[in-house]
Amino acid sequence: QVQLVESGGGLVQPGGSLRLSCAASGSFRGINSMGWYRQVSGKQRELVALMTSGGSTNYADSVKGRFTITRDNAKDTVYLQMNSLKPEDTAVYYCNANIRDTSIYYGNDYWGKGTLVTVSS
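First things first, this report covers the structure right here in the doc. Bear in mind that the values here come from a model prediction, so they are computed numbers and not experimental data.

**Structural notes on the pairing of strand S4 (residues 30-39)**
Remember that side chains alternate between the two faces of the sheet whenever the strand is regular.
Piece 1. Extensive coverage of S4 is indicated by the burial of eight of its ten residues.
Piece 2. Examined bridge by bridge, S4 and strand S9 (residues 91-100) share eight bridges and lie antiparallel to one another. Bridging across to S9, Tyr37 finds its partner in Tyr94.
Piece 3. Looking at chain direction, S4 and strand S5 (residues 46-51) are connected through five bridges and run antiparallel.

**Some words on a nonpolar patch on the surface**
Piece 1. Together, Ile104, Tyr105 and Tyr106 make up a nonpolar patch on the protein surface, roughly 430 Å² of accessible area in all.
Piece 2. For Tyr105, the location among the structural elements is in the loop between S9 and strand S10 (108-111).
Piece 3. Looking at Tyr105, the relative accessible area reads 61%, which means it is exposed.

**Brief notes about the nonpolar core**
Piece 1. Of all hydrophobic cores here, the largest spans 30 residues; its most connected members are Trp36, Leu80, Met82 and Tyr93.
Piece 2. Only strand S3 (18-25), S4, S5, strand S7 (67-72), strand S8 (77-82), S9 and strand S11 (115-119) provide two or more residues apiece to this core.
Piece 3. The dominant element in this core, judged by the number of residues it contributes, is S9, at five residues.

**Thoughts on the packing of aromatic side chains**
Piece 1. Within this structure, the stated rule accounts for two aromatic pairs.
Piece 2. A centroid spacing of 5.0 Å and a plane angle of 65° characterise the contact between Tyr37 and Trp111, whose relative ring orientation is edge-to-face. Linking Tyr37 in strand S4 with Trp111 in strand S10, this pair joins segments that are 74 residues apart in sequence.
Piece 3. You can call Trp111 partly exposed: its relative accessible area is 38%.

Rules used in this analysis
Residues numbered from 1 in each chain as written. Predicted model: local features only at pLDDT ≥ 70, side-chain atom pairs only at ≥ 80, totals over all residues. Heavy atoms only, no water. Buried < 20%, exposed > 50% of the residue type's maximum accessible area, 1.4 Å probe, protein only. Helix = DSSP H or I, 4+ residues; strand = E, 2+ residues; numbered from the N terminus. Pairing = 2+ DSSP bridges. Patch = residues over 30% accessible without salt bridge, like charges linked within 9 Å, V, L, I, M, F, W, Y side chains within 5 Å. Areas by Shrake-Rupley, 256 points an atom, 1.4 Å probe, with all protein chains shown as cover. Salt bridge = Lys/Arg side-chain N within 4 Å of Asp/Glu carboxyl O. Core = buried A, V, L, I, M, F, W, Y, C linked by side-chain atoms within 4.5 Å. Phe/Tyr/Trp six-rings, centres within 6.5 Å; stacked < 30°, edge-to-face > 60°.

Everything listed here is a matter of coordinates, which is why it stays silent on function.
Right, dumping it as structure tokens:
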């Protein structure tokens, strides 16, 4: 049973920083991409940042220059360093990973349960 467990959310003042972590556990052959999405109540979930197994990254325009995604392949963990946070970054942040659980080539998408980030004074 593959699981993604997030940590690091919380309340922060505008201009502050937070670091999210997401660790994959369970039995699997490997991990393709890992990334972060966020969702505000009543809106669609949106991509925040994504990193492939090769290290390529993709960021939402709204977070470029402020957020940094990194990955520790040895620990099957992805991080999101969020700096210069704004009230509009308030959302539930979900970890996503495309994991090769049964195939050595093809992966399935897994999601964490989400962690709330609130940016407010």
